[in-house]
There are 2 protein chains.
Amino acid sequence: MSDKAKVTFLPGGRTVTVAVGESLLAAARQAGLHVNASCGGSGVCGKCRVIVEEGEARGGQSEKISAAEYRVGQRQACRTVVTGDLVVRIPLESGLGQGGLTTGVAGRNRARMHVYAIDDLRQNGLFLPPVEKFFLELPRATSADNRADAARVITALNHQYGERRMVVALPVLRKMPAALRADDFRVTVTLARPVRRGKNFIMDIQPGNWTHRNFGLAFDIGTTSVYGLLIDLNSGKVLARGGDYNAQLSYGEDVISRIIYAEKPRGLELMQELVVGTINKVLDGLLARAHPPEEEAKGAVQRAEIASLTLAANTTMTHLLLGLDPRQIRRAPYVPVSTFLPPLRAADLGINLPQHAVALPYPAISSYVGGDIVAGVMGSGMYRTAKLTLYIDIGTNAEIVIGNREWLVCAACSAGPAFEGGGITHGMRAAAGAISDFSLDPATLEPTLQTVGNRPPLGICGSGLLILIAALFEHGMIDHRGKFRRQSASPRLREGGSGWEYVLAWRRESGGEHDIVLNEVDIENFIRAKAAIYAGAKTLVEEVGLSMDDLEQVILAGAFGSYLDLDAAITVGLLPEIAAEKIIYVGNGALLGAWMSEMSNHIRRDVVAVVRRMTSFELSEVPAFQEQYTASQFLPHTDLNLFPDVRARLAGRAGSGL
Amino acid sequence: MSDKAKVTFLPGGRTVTVAVGESLLAAARQAGLHVNASCGGSGVCGKCRVIVEEGEARGGQSEKISAAEYRVGQRQACRTVVTGDLVVRIPLESGLGQGGLTTGVAGRNRARMHVYAIDDLRQNGLFLPPVEKFFLELPRATSADNRADAARVITALNHQYGERRMVVALPVLRKMPAALRADDFRVTVTLARPVRRGKNFIMDIQPGNWTHRNFGLAFDIGTTSVYGLLIDLNSGKVLARGGDYNAQLSYGEDVISRIIYAEKPRGLELMQELVVGTINKVLDGLLARAHPPEEEAKGAVQRAEIASLTLAANTTMTHLLLGLDPRQIRRAPYVPVSTFLPPLRAADLGINLPQHAVALPYPAISSYVGGDIVAGVMGSGMYRTAKLTLYIDIGTNAEIVIGNREWLVCAACSAGPAFEGGGITHGMRAAAGAISDFSLDPATLEPTLQTVGNRPPLGICGSGLLILIAALFEHGMIDHRGKFRRQSASPRLREGGSGWEYVLAWRRESGGEHDIVLNEVDIENFIRAKAAIYAGAKTLVEEVGLSMDDLEQVILAGAFGSYLDLDAAITVGLLPEIAAEKIIYVGNGALLGAWMSEMSNHIRRDVVAVVRRMTSFELSEVPAFQEQYTASQFLPHTDLNLFPDVRARLAGRAGSGL
């Protein structure tokens, strides 16, 4: 018997040769294929289910897989050892569907999307790209004026544009004599402004006039996904947008599993390479698609024309991207290496950009309130508004910020991954086949499902879960404690392995291998998640001596936010009862903030002061929080005075939970 | 016949295999041996004379080599083509003697050596190394104080030492969590101060207390030689000093030949590598010899402990070291790429130092008044004195600065290389065998010679030439026009191929292959050189409305300066007639300035203002200069009122030139 074996993965048929004894999860990683492994491959989560269709493998049986399932080849990939040649199918719910990043559901009461207008920036005097190009027509060198080339350039920048205090990078000095003389002392210099005090930095020089071509990048480096924008820095317009799953995903779905992996020998290096690989892939896509808008801008955007990049990421992702040791982030007292980060050479990180391109990572507040949240606060304009605002970003966890231009407080809520389908029996991300909308026939109590991509249902995504629970609650199928009313007359209600459950889709209707259900444990997890967010917000607002009624504005951010049904969110007590027109959706707050930073050096400067005055609360250390949290673990809340409209509506309905 | 041939060089016997058709000069370079080639190998200077002892070579005959010399194997190496295996001797006067860098002559009226005292810097509040180490005992991270590691370090630097406005380098952030926890939050940080405004830069972090070990380097990168100092930045003391010939020497002796070479394909790259190679060699020697002085400083200085380097060099050498295109330096209107240079990563230049080590090159004034002169002005304290001072640095060319703490003017004097033995029939550098002192028996007019290393005479070095001409002039052998008095009764006076000449050593007494002579062309070259310097100084001083009589101090710098006989220098009219106690010798001004910069960030800051207020004169553009120059081409000068003491002394002597 050879000590190597061939493993072919379906669908797609990609084949890899691996050492006998490797796990199927490792083989899939080697093949570049994604298998869900929320727990990082430790065997706990049971999500890495695959089907061995041909050949033999050892192990893979566990409490997560029934005997019947095992007989038809279902295995946990992380616990299955390759013993010979295999053909393995990765089921849809374990792999990554395509298009899940952009697919949505229409027709519900969504938050108004905040569309950013560059004119706002201009009107507020904020439009000032941190990297700008200047065209100079220099006097020729003569014996009466034989200043050094660099002095000639610097003086002209001062006289023609009022720019002062320059330092010239060595590579620019190396190019300068030829650049000056190639087009008769007519040159374009690329100037990077200091974030705060400091010198302007001449980072590039080109013969001729190239001021019409000045491009920048904004990236949101998420735990799950990486999104990028290619921006025309003259107009502020987005020329291309794109995204991809963070290649680190194969090593765990949450930041904790990534940190654990990074602690292994060369683990940090691998995590760094993976996320940079994803950035480069997204970047390639942006360059392939970008079309400069101006008439005089001929040809596609060249990589060499990009001189600026703003990165927004949570604290762990920032650490992994920069190669900073993240181990203290997951250990009490949860200390990051640094919250402020210096501007970096993008090329030093492995990002495929010219040597002079500068990358500026957004500063963070703490280990669990990261640069992505700060970017959202900056990009949404929250830091400049007079209105008392609640900012919520619901991702793998949830972060909340409360305040206005005078003051800001923030906290991370340990909501758990329920809103991303984590901890939910048939939870999944908003990929094809995810149940994203749900309604009940009031007469028959039979459900109507809508799925992402209109595919046979595979599981429940976060926005679907919210609607589902709100509907079941409104129709009196579950009570305010989140328990199924046993007396509900539905054949779909039954007692399962994890207590009472509701069958959303029978196996024959589903795209998977089993019935798709929602059980009481799932509801408990959901309630804990929504309670953590609401209690967090209420605790923060009361810590500063105000009440939830004082809120004048709610800003929703995060991929979840775009699909958040506002009525459902208020019905279950996730959001406070506030008029829908006061709720604004900003989409990807991190990406928005990174984009704004690419267009406004004022925002880059302001962020330092904003971060300094942003008070971070560790909710577990605030005595009032536990009480708030307990009180919030009801639908919508133990104190119905907080939700008068919900109370009134439900009270008027037969069979309501009240 | 093979297309390869072996060439063995004597003395030493180094053998290289070269392609048939290569020149002997190229073969010697390949062997790593130095053959003088002032003209860069163009066949003009005739200094690359070698002797083919065995085998045959083609060519090498020229007007520089007589038929008799050719018959005994003498060839010009640059014009000789290898046709088969050869044994070639490099004569002493063509090669580089050892020890020439430090050998001197004692017993004459020398300038007082200015010995730098660190206490001066301390007393003047100037002692502030640009790189300093700070020991921090940090509070441990707790849940009540879970600031980021970087914030903890920055706050402590502020609270314990008052240091503010920090930026932390990415590599330091990468080391920080481990460094903090290796010795219970006791760390040493290395901080680089900004040259002027800007942020302090945390460039290194180590667990424990290492403040007692903080080292820096000062380098003078000369056209001929590279000198280095290894400095204890806590005490300011020099722990080791060393030097070597600039490896670029094989490609020409002056900056012009180096520039010409740098213009060839890959020529700049080669020039850069060669000088960095020399720096690294000198650095290795410094590290091998350095012994930390303090008791607690155990063990030799490690390369990794060096974080700071100041470089002083003329403008061309700075360009070649930094890889800046120097071609405009030798073309009207003589424009350097830049006079101000940013702090650089030493490792980026190829200097064998840790990644974080910062190199700061001294700024220049113009293409021909370089950072070496600025360093001399800073290091000698000239920029801080109230006295009207003349600063002269005599190297391959001469640069002069006049002024005080209020104002400074400067100029490069096209003196030519006479003071380094260039343009003199038997001129040579102050290497072993160079005639460095000379006296005449008043009765017999027979000479007594002294040579460097007491070796048989090989030629005349600059300081010897000065003494020789002053002595011949004082004894009336040459007149004030520099012509031999034909009536002088010496058998050593004869008419040679270049007019009248004086035989210093007959062939049988010499270490070479011929009589060693001084002819009228040599004297003319010398007079032009000394006239250029004196006329330059006089022009400058008069341009600012003063006269030579107003000078209160003369500072001499340069290797030549140390051996300069003051009486002889005044006798021939090189220096103005000034009391010997007002003449100060500072040795290698460039190295002194680099050393001072390593100890005083104030000096680094001041240099920017000094350079800005230093007015550079292009003497060839000043109408008065030509007149001054013509008037100075006599011994000592046409206007004897400028040299009353010399006039009086000579007038009292029989046979004087007056």
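Residues numbered from 1 in each chain as written. Chains lettered and ligands numbered in written order. Predicted model: local features only at pLDDT ≥ 70, side-chain atom pairs only at ≥ 80, totals over all residues. Heavy atoms only, no water.

**Focus on the packing of aromatic side chains**
Residues and elements named next belong to chain A. In total, this model carries 14 aromatic pairs over all chains according to the counting rule given. With a centroid separation of 6.1 Å and 70° between ring planes, the pair formed by Tyr334 and Tyr368 is classed as edge-to-face. One end of the pair, Tyr334, is in the loop between helix H8 (315-322) and strand E17 (344-345); the other, Tyr368, is in the loop between strand E18 (358-361) and helix H9 (371-379), with 34 residues separating them in the sequence. Among the residues examined, Tyr334 registers a relative accessible area of 34% and is labelled partly exposed. Between the NZ or CZ atom of Arg122 and the centre of the ring of Phe127, over which it lies, the distance is 4.4 Å. (Phe/Tyr/Trp six-rings, centres within 6.5 Å; stacked < 30°, edge-to-face > 60°. Helix = DSSP H or I, 4+ residues; strand = E, 2+ residues; numbered from the N terminus. Buried < 20%, exposed > 50% of the residue type's maximum accessible area, 1.4 Å probe, protein only. Lys NZ or Arg CZ within 6 Å of the ring centre and 35° of its normal.)

**Some remarks on unusual backbone geometry**
A cis amide bond, omega 0°, links Ala332(B) with the succeeding residue Pro333(B). With an omega dihedral of -10°, the bond running from Leu635(B) to Pro636(B) counts as a cis peptide bond. Located in the positive-phi region is Arg165(A), a residue other than glycine, with phi close to 55°. In this structure, Arg165(A) sits in the loop between helix H4 (149-161) and strand E10 (166-168). When its relative accessible area of 25% is taken as the criterion, Arg165(A) is described as partly exposed.

**What to know about the interface of chain A and chain B**
Each side of the interface is counted separately: chain A has 38 residues, and chain B has 38 residues. Interface area for chain A against chain B, summed over the two sides, is near 3200 Å², with a carbon-plus-sulfur share of 60%. Where chain A meets chain B, there are zero salt bridges. Across the contact surface, chain A and chain B share ten residue pairs in polar contact (both at pLDDT 80 or more). Looking at the side of chain A that touches chain B, the element that brings in the most residues is helix H5 (residues 170-182) of chain A, giving six residues. By residue class, the composition of the side of chain A that touches chain B is 20 nonpolar, seven polar and eleven charged. (Contact = heavy atoms within 4.5 Å. Buried area = accessible area lost by both parts, 1.4 Å probe. Salt bridge = Lys/Arg side-chain N within 4 Å of Asp/Glu carboxyl O. Polar contact = N/O pair within 3.5 Å; in protein donor to acceptor, adjacent residues only side chain to side chain. Nonpolar A, V, L, I, M, F, W, Y, C, P; charged D, E, K, R; others polar.)

**Overview of the relation of the copies chain A and chain B**
Note on the copies: chain A fits chain B at an RMSD of 0.1 Å, the axial shift is 0.0 Å, and the rotation between them is 180°. Seen this way, the second copy is the image of the first under a two-fold rotation axis. For chain A, the minimum C-alpha distance to the rotation axis belongs to Gly198(A) and amounts to 2.5 Å. A shared binding surface is used by both copies, with 100% of the interface residues of chain A retained as interface residues in chain B. (Least-squares fit on C-alpha atoms with pLDDT ≥ 70 in both.)

**Quick notes on the pattern of salt bridges**
All told, the structure shown has 57 salt bridges over all chains when counted by the stated rule. Residue Glu520(A) is joined to Arg486(A) by a salt bridge in which the shortest nitrogen-to-oxygen separation is 2.7 Å. Taken together, the positions of Glu520(A) in helix H11 (residues 520-543) and Arg486(A) in the loop between helix H10 (462-474) and strand E25 (493-496) put the pair 34 residues apart, joining distant regions of the chain. For Glu520(A), a relative accessible area of 10% translates into the label buried. According to the relative accessible area criterion, Arg486(A) is partly exposed, its value standing at 42%. Across the salt bridge formed by Arg327(B) and Asp325(B), the nearest N and O atoms sit 3.0 Å from each other. A relative accessible area of 31% places Arg327(B) in the partly exposed class. Through salt bridges with shared partners, one network takes in Glu132(A), Glu163(A) and Arg193(A).

**Things to note about the packing of H4(A) against H5(A)**
Between two packed helices, the angle of one axis relative to the other and the distance separating the axes together describe the packing. Residue and element names in this part refer to chain A. Running from N to C, H4 and H5 point in directions that differ by 75°, and their axes come no closer than 10 Å. It follows that H4 is roughly perpendicular to H5 by the angle criterion. Of the residues in H5, those touching H4 at Asp149, Ala150 and Val153 are Leu173, Met176, Pro177, Leu180 and Arg181. Across the contact of H4 with H5, the residue classes tally to six nonpolar, no polar and two charged. (Axes fitted to C-alpha atoms, helices over the stretch in contact; angles between N-to-C directions. Parallel < 35°, antiparallel > 145°, perpendicular 65-115°, else oblique.)

**Comments concerning the packing of H9(A) against helix H14 (residues 589-599) of chain A**
All names here are of chain A. Relative to each other, H9 and H14 sit at 65°, their axes nearing to 7 Å. Relative to H14, H9 is oriented so that their crossing is left-handed. Contacts from Asp372, Ala375, Gly376 and Gly379 in H9 reach Gly589, Ala590, Leu592, Gly593, Ala594 and Met596 in H14. For the contact of H9 with H14, the residue count by class is five nonpolar, four polar and one charged. (Left-handed = near helix turned anticlockwise from the far one by under 90°.)

**Description of the state of the cysteines**
Structurally, a disulfide amounts to a covalent bond that connects the sulfur atoms of two cysteines. Residue and element names in this part refer to chain B. As enumerated under the stated definition, the model contains zero disulfides over all chains in all. In this structure Cys78 is a free cysteine whose sulfur lies 3.7 Å from that of Cys48, the closest cysteine sulfur available. For Cys78, a relative accessible area of 15% puts it in the buried group. (Disulfide = S-S within 2.5 Å.)

**Details of the nonpolar core**
Membership of the largest hydrophobic core comes to 74 residues, with the highest contact counts inside it found for Leu472(B), Ile533(B) and Leu575(B). Among all residues touching Leu575(B), those that are not within four sequence positions of it are Ile392(B), Tyr534(B), Leu556(B), Leu564(B), Leu566(B), Ala569(B), Ile570(B), Ile583(B) and Phe643(B). Core analysis: the next-biggest nonpolar cluster, separate from the first, contains 73 residues, Phe473(A), Ala505(A), Phe526(A) and Phe643(A) among them. (Core = buried A, V, L, I, M, F, W, Y, C linked by side-chain atoms within 4.5 Å.)

**Focus: the confidence of the model for chain A**
All names here are of chain A. Predicted confidence across chain A gives a mean pLDDT of 88, with 92% of residues reaching 70 or more. Note that residues 96-107 has pLDDT below 50 and, in this model, 25 contacts with residues that lie over four places away or in other chains. Here the predicted complex carries an ipTM of 0.83, next to a pTM of 0.83. (pLDDT = per-residue confidence, 0-100.)

**Some words on the environment of His159(A)**
Residue and element names in this part refer to chain A. Along the chain, the position of His159 falls in helix H4. The class of His159 is exposed, set by a relative accessible area of 64%. Residues His159 and Gly421, spaced 262 residues apart in sequence, show a C-alpha to C-alpha distance of 59 Å.

**Some remarks on the environment of Ala300(A)**
All names here are of chain A. By the element assignment, Ala300 lies in the loop between helix H7 (267-289) and strand E16 (306-313). Judged by relative accessible area, which is 38%, Ala300 ranks as partly exposed. Along the sequence, Ala300 and Ala290 sit ten residues apart, while their C-alpha atoms lie 6.4 Å from each other.

**Some thoughts on the sheet that holds strand E10 (residues 200-207) of chain B**
Residues and elements named next belong to chain B. Spatial ordering of the open sheet is given by E7-E9-E10-E8, a layout of four strands whose pairing is mixed. Sheet topology places strand E7 (131-137) and strand E8 (166-168) at the edges, where each strand pairs with a single neighbour. Strand-to-strand twist in this sheet, taken as the mean axis angle between neighbours without regard to direction, amounts to 35°. This element, helix H4 (residues 149-161), spans E7, E8, strand E9 (186-192) and E10 of the sheet and lies at about 100° to E7. Of the strands in this sheet, E8, E9 and E10 are in contact with helix H5 (residues 170-182), which crosses E10 at around 35°. (Pairing = 2+ DSSP bridges.)

**Let's talk about the sheet that holds strand E24 (residues 499-505) of chain B**
Residues and elements named next belong to chain B. Pairing is antiparallel in the open sheet, where three strands are placed in the order E23-E24-E25. A single partner strand is all that each edge strand has here, and the edge strands are strand E23 (493-496) and strand E25 (516-519). Looking at each pair of strands side by side, their axes are set apart by 45° on average, direction ignored. Sheet topology places E24 next to E25; four bridges connect them, and they run antiparallel. Its bridge partner being in E25, Glu501 is matched across the sheet by Asn519. This element, helix H10 (residues 462-474), spans E24 and E25 of the sheet and lies at about 60° to E25. Strands in contact with helix H11 (residues 520-543) are E24 and E25; relative to E25, the strand with the most contacts, it is inclined by about 60°.

**Re the pairing of strand E18 (residues 398-403) of chain B**
Residue and element names in this part refer to chain B. Of all six residues that make up E18, six are buried, and the element is covered over most of its length. The two faces of E18 match: Ala398, Ile400 and Ile402 on one face and Glu399, Val401 and Gly403 on the other face are all buried. Bridge count for E18 against strand E19 (residues 408-413) is six bridges, and the pairing is antiparallel. Across the sheet, Ile400 pairs through a bridge with Ala411, a residue of E19. Between E18 and E19, which pair antiparallel one after the other, the connecting turn spans four residues.

**Quick look at the pairing of strand E1 (residues 4-10) of chain A**
Residues and elements named next belong to chain A. Here E1 pairs with strand E2 (residues 14-19) via six bridges, running antiparallel. The residue bridging Phe9 from the neighbouring strand is Arg14, located in E2. Relative to strand E7 (residues 86-89), E1 is paired through four bridges, and the arrangement is parallel. Looking at the pairing, Phe9 lines up with Val88 of E7.

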